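Chain residues, written in single-letter form:
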Amino acid sequence: MPKLLNHSLTKLFICLVSLGLVFELVSHVVVEGLWFQEVGYLEIFLKQLLWQLGLWGTISGFSLWFLWGNLRRAQRHQWHFIPQVPTQDKTRRRQGKKRNPQLTPESRSFGLLWLLFIVISLGGLMGLMLLYYIDVGYNVWTPDFTLPNITPNLPNPFFFTSVPQLLSQLRDQLWKGAIVVTIVTLIFLQGQFFLRITSLVFSLIFGLVLSGNWTRILEYLNPTTFGEVDPQFGRDISFYIFSFSFWKLVNFWLGGLFLLGLIIVTLTYVLSANTLSQGKFPGFSRYQLRHIYILGGFLMSIVGLYHLLARYQLLYSTEGVVFGASYTDIHFLLPIYTLAAIISMIIALWLLIKGMTGWGRYAQMRSLKRSILYNLPFSPIPFIIYLSILLISFFGQKAVQSLIVEPNELDRERPYIERNIALTRRAFDLDKIEVETLNATGNLTAESLDENRLTINNIRLWDSRPLLQTNRQLQQLRLYYQFNDADMDRYTIPLEDKENLPEIAKQQVLIAARELDYNEVPEQAKTWVNQHLVYTHGYGFTLSPVNQVAQGGLPFYFVENIGTANNTGDLQTSSPLIRDSIPIDNPRIYFGESTNTYIMTNTEVKELDYPSGQDNVYNTYDGRGGIEIKNWGQRLLFSAYLKDWQMIFTRNFTPNTRLIFRRNINRRIRMIAPFLRFDRDPYLVTARVKNDENKPEETTLYWIIDAYTTSDRYPYSEPGDRPFNYIRNSVKIVIDAYNGDVNFYVIDDSDPLIQTWDKIFPTLFKPFSEMPIFLKAHIRYPRDLYNTQSERLLNYHMTDPQVFYNREDQWRIPQEIYGENRQPIEPYYLLMKLTSDAQEFMLFSVYTPTSRNNLIAGLFARSDGDNYGRMLLFELPKQRIIYGPEQIEALINQDPVISQQISLWNRQGSRVIQGNLLVIPFFQEQSLLYVEPLYLEAEENSLPTLARVIVVYENQIVMSETLDQALTSIFEPENVNPSTIIREVDQQEEIIVPEN
C-alpha cells in the first residue's frame, strides 16, 4: 500500500510540474503575442517564433535521432560477454565453421590501465564539451539590454580553440572541474543511462544555440549582393556577411554533434560486458570498428570544413602588420589550410569507405591477396601527414614572418596595407568624406561677426552636465521625478528684431525629459497600488537655449516648471512666442528611459498626474497604449507572465482596465528588432505631428533613436576596439512617448543589410519619406556613429601605404580640462554656416597629431535636409603652428591674471569648473575662434552658475561676463567693458601642456 501511494504521489507530482511548465510556456507565448499585436508587429513575432521553434525542434530532433540512433546501434553490437578468442577459434576450426565477425575481436586488446585512461579521457572531454555548450547557450539566451544591441556573438567550434580556454577556466574555477569529475564518475556508475541523458541534454542545447542564432540563418536565406568583391578570393562581400557566418554556425553544430557521437559510441563499446570489473578489454569487433570508422569519417569531414573556412578566416587575421590577411597568411598559411582541408577530406572519405564496406586489414576478402594496396587503408600515413601539416602551420608561420617578411616588411606587406586601408574606409563609410583646407589666416572682423550672428548666437555656453545639476535642484519638483539626460537639438523659434517684428531662426537648445523614477518614491509609499496604479508617468520637459543666461548666472529656460493655474498642468514658457512655437499640449511621458515598471490604467484608482503646491492633481490615461484585461483568464495569464499574483485578487480593475508593460523604450525596440544595433542616446522631441486625417495628434512628445546595421565579417576592415567592422546608420526609430507607438524609418536604403532585413520583414520598415515633416526637422547625425568613424579616421585618413606603415601622420583626439579632470574632447553639435549661407546643424570634433598638440584637422557631420549624412574634413596647413585645444587651455591657465582670478573664486567653499573648450571654425573668413565657459558652484548643494566666458582669437585671450562682451573687446576695442580681462599671447612664449 505505501508503495502504491508513493507511486501515485510521484505521478501526481510529475503531472503537476508538467502542467505548470506548459502553462508557463503558454502564458509567455500568448502575452508576448498580445504585446506584439498592441505595438502593431504581430507578424514579426509570429515569424520569429516560428523560426525559433522550428529551428529548435529540427536541430534538437535531428541531433537526438543521430545520437540515440548511434547509441542503439552500439548497444546492439557491443560485447555482451568477453569472448575467449583462442578457444573459440580452435573449436570453430575443428567443427569446420566460419568465424563470426560480430563475436570475434579484430583489434588489439588492452588492460585495465589503458581502459581507465580511455574512459577518463573521453569522459573528461565530454565534460568540457558540456560546459562549453552550456556557456554558449546561456550567452545566446540571456542578452544584456544595457549593450547597444542583443544579437548573440557567433560561437566558435569546440575543437582547436575552445579546449585550451576551458582548461584555463578549470584552473581558475574549481566548480567547473567538479562538474567534469562528476560526469566521469557517472559514466563509471551509470554508463548507458547517463550517456542517453547526456545525448538528450546536448541535443536540446544544440537546438537552443541555433534557434538563438535565427537572425544569421534568415540572413543566409535572404542575402543581398554588395556589388563589391574581396581582393583575395574575388567573392562578393555578401558571402562573408551572410554565408560565411552561417557555415561557421553549421560547423559549430555538426562538429560538436559528430564528436559527441564518436565519444558516446566508443564509451559504450569499451564499457560493455563489465570490462572494468574484468580488468581487460578484448578489442573491437569488425562491426564496432566499422561504426567507429563512419563516425570518425563524419568528424573528419567537419574538420575539413573547418580548415576550408579557416582559409576565409585569414581575411580577419590580427597577426600581420595590419588587420586582415598579410603576406605570411597568403603565401604560407593559405596553402597550408588548403592542404589540411584536402587531407582531412581524404581521411574522411577513407574512413567512410572503410566503415561502409568493411575494407580493412582483417576483412574477409578472399579475392584480394595481402599486398601494399590491401594494407593501405590501415596505413597511418594520412594521419601523420595531417598532424605534420598542423605542426608546420604552428612553427612555420613565425619562421616565414621573421626570415622572409620582417627584413623587407614594407615591400612584402604593401599590397595588404592597401587592401586594409581601402576596405576599412569603405566599411566605415570614410571614403565618402569630402576634404577641404582651412588656412586659419584670421580674417574675422566686426562686420563678418554680424554676418554670422546666428552662428554666434548659437555658440554653446551650457552643456548637459551643469544644466542637469540645475534641473535637479530647481526643476525636479518632487523626489520621484528624474532628469536622465539633456539632449542637444534645434528648434525654429520666432525672435524679436530691432523693429519688433518676429524673425524666424533656428535656435540650438538643450531639452531634458522629466521622467518618473519609481525607485525614488519614499519607502513607506512603495505599495503595490502606488507602483502599478498611481505612479504611472513623468510629466513635461525643460527647454533651454545653449547661449542665454538668466539672472544670477543660471540657465535661461524657454520651457520650465509645471503650471498650476486652474489646474491645467501646462508647462510654463518664457513668452507667448515660445508658447506658440514649442508644442506643450500633452507633456505626459508614459514611455521613456526610466519607465521600468508595468502599470494598469483606467482602474478605480486615479493616476498621479502632477504636483500642484502641497497637493496632487490626478488623471486617467486615455491613450492607445496597453492591452485590455477583460476577464479572469487574461488576469491569470498576465499574472503568471509578470509573476504578480496580486493582479488576480485586486478589486481595482474595471472592464476598461489596460495593462501597459515594457515601457522602457530601449527594451521596447530591442524586443521588436533584436538584429539591429542601437544608439545609446535616445533624445526627446516635441512636435505637432499630423495623423492620417491630416489633423494634429494630441501627443506632442516623441523619442528618436538611431539604429545601425553592423557586421564583424567585412574582409580586411579593422574593427579597433569595437565588436564590428562594418556599420551603417540605416534606420531612424520614432516612439510616441504617450501611446507607445514604434515606427522604423529606413534612411539609408542603399545598405545591403537593411535591404536583407526588409526582405525578411517587409512590414517592419517604412521609407524615410513617410516620416512626418515636423520630426524630420529634428533628425541629427548620431554621436555613437560619429565617434566610431572619428576613431577610425585617426589612422585611416592616411591613404598612402608607406605613410600608413610608418604612422607618419597619425592623429589623436585632444584632451581638455573639465572641472578638475582631464578628458578627451567629446564631439559637439554646432549650428553654423559651412559651405553655404544656410545655417546647418552639425556634429563636430577636432584632431591633433600624436607627437604634437597643434590643431591639425576637424570633422563635420551634417544633419539637415538633403545634406544629412554628408561629412566634411577640413585640414589645416602643416607648415604653420595653429594652437590646439590643449595649448589654448595651457595658455589660459598659465596666464597670471586669469589664473589669479580663478584661484580667488576657488576659495571659501566654492570652486570653478572649466567647461568644454569649443573650437568654432568660420570657413568663409578662414578663421578659428576658441570659446570656453567658466562655471562657479558651491562645494555643497551644487547649483552651477555661468561666471565668465573666455574667448581666444589669434594672439588675444579675453575673459568677460558674457560672450558678446568678450567678442566686442576683441573686434571693437573701443567699446571694452571695464570688467573684461584682455591678455596678449606672446607667439614665442613656451606653452607647457600638462601630461595626460
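These numbers come from a predicted model, not from an experiment.

**Some remarks on the side chain of E219**
Take E219: it is sitting in helix α8 (residues 214-221). For the buried E219, no salt bridge exists, and the shortest N-O distance to an oppositely charged side chain is 5.5 Å, to R216. Not counting chain neighbours up to four residues away, the residues in contact with E219 comprise I241, F242, T756, W757 and I760.

**A closer look at unusual backbone geometry**
A positive phi is found at D429, a non-glycine position, where the angle reads about 65°. Of note, the phi angle at K643 is positive, near 55°, even though the residue is not glycine.

**Observations regarding the nonpolar core**
Among the nonpolar cores identified, the biggest contains 288 residues, and F541, L676, I733, F744, F765, F860 and Y930 are the most heavily contacted of them. Setting aside residues up to four positions removed in sequence, F765 forms contacts with F675, L676, V731, F744, V746, I754, W757 and D758.

**Some remarks on the sheet that holds strand β13 (residues 599-601)**
One open sheet holds the three strands; their spatial order is β13-β17-β16, and the pairing between them is antiparallel. Each of the sheet's edge strands pairs with one partner strand only, and the pair in question is β13 and β16 (627-628). By the bridge criterion, two bridges tie β16 to strand β17 (residues 658-660) in an arrangement that is antiparallel. The partner of E628 across the bridge, within β17, is R658.

**Focus: the pattern of salt bridges**
Per the stated rule, a full pass over the model turns up 32 salt bridges. A salt bridge links K732 to D706; the shortest N-O distance between them is 2.3 Å. Of this pair, K732 sits in strand β21 (residues 726-736) while D706 sits in strand β20 (residues 701-711), and the two are 26 residues apart along the sequence. Like D706, K732 is buried. In this structure, a network of salt bridges that share partners links the residues D489, R490, K506 and D864.

**Notes on empty space enclosed by the protein**
Enumeration over the complete set of coordinates arrives at four cavities of 30 Å³ or more. Here the second largest cavity is characterised by a volume of approximately 50 Å³. Taken together, N452, T455, M832, K833, L834, P921, F922, F923, Q924 and E925 form the lining of the second largest cavity. Taken together, the elements giving at least two residues each to the lining of the second largest cavity come down to β27 (828-833) and β32 (918-922). Its residues assigned to classes, the lining of the second largest cavity comprises five nonpolar, three polar and two charged.

**Focus on a negative patch on the surface**
Together, E447, E451, E972 and E974 give the surface a local cluster of negative charge. Along the chain, E447 falls in helix α16 (residues 446-451).

**Some words on a nonpolar patch on the surface**
On the surface, L9, L12, L16 and L19 cluster together to form a nonpolar patch covering roughly 390 Å² of accessible area. Note on placement: L9 falls in helix α1 (residues 2-39).

**Let's talk about helix α9 (residues 237-270)**
When the terminal C-alpha atoms of α9 are compared, their 49 Å separation across 34 residues agrees well with the 50 Å that a helix rising 1.5 Å per residue should span. When the local axis directions of α9 are compared, the greatest deviation, roughly 40°, occurs at S243. The buried count for α9 comes to 33 of 34 residues, which makes it a mostly enclosed element.

**Details of the confidence of the model for the protein chain**
A residue-level look at the protein chain finds 86% of positions with pLDDT of 70 or above and a mean pLDDT of 85. Below a pLDDT of 50 lies the segment residues 360-378, which in the model reaches 27 contacts outside its immediate sequence neighbourhood of four places, other chains included. Ignoring residues within four places in sequence, the model shows residues 498-502, a span with pLDDT below 50, making five contacts including any to other chains.

Calculation criteria
- Residues numbered from 1 in each chain as written.
- Predicted model: local features only at pLDDT ≥ 70, side-chain atom pairs only at ≥ 80, totals over all residues.
- Heavy atoms only, no water.
- Helix = DSSP H or I, 4+ residues; strand = E, 2+ residues; numbered from the N terminus.
- Buried < 20%, exposed > 50% of the residue type's maximum accessible area, 1.4 Å probe, protein only.
- Lys, Arg positive; Asp, Glu negative; His and termini not counted.
- Salt bridge = Lys/Arg side-chain N within 4 Å of Asp/Glu carboxyl O.
- Contact = heavy atoms within 4.5 Å.
- Core = buried A, V, L, I, M, F, W, Y, C linked by side-chain atoms within 4.5 Å.
- Pairing = 2+ DSSP bridges.
- 1 Å grid on protein atoms, 1.4 Å probe; cavity = no way out; pocket = protein on both sides within 12 Å on 5 of 7 lines; lining within 4 Å.
- Points joined across faces, edges and corners; volume = space filled by probe spheres on them.
- Nonpolar A, V, L, I, M, F, W, Y, C, P; charged D, E, K, R; others polar.
- Patch = residues over 30% accessible without salt bridge, like charges linked within 9 Å, V, L, I, M, F, W, Y side chains within 5 Å.
- Areas by Shrake-Rupley, 256 points an atom, 1.4 Å probe, with all protein chains shown as cover.
- Charge placed at Lys NZ, Arg CZ, Asp CG, Glu CD.
- Expected span 1.5 Å × (residues − 1).
- Bend = angle between axes of the 7 residues up to and from the residue.
- pLDDT = per-residue confidence, 0-100.

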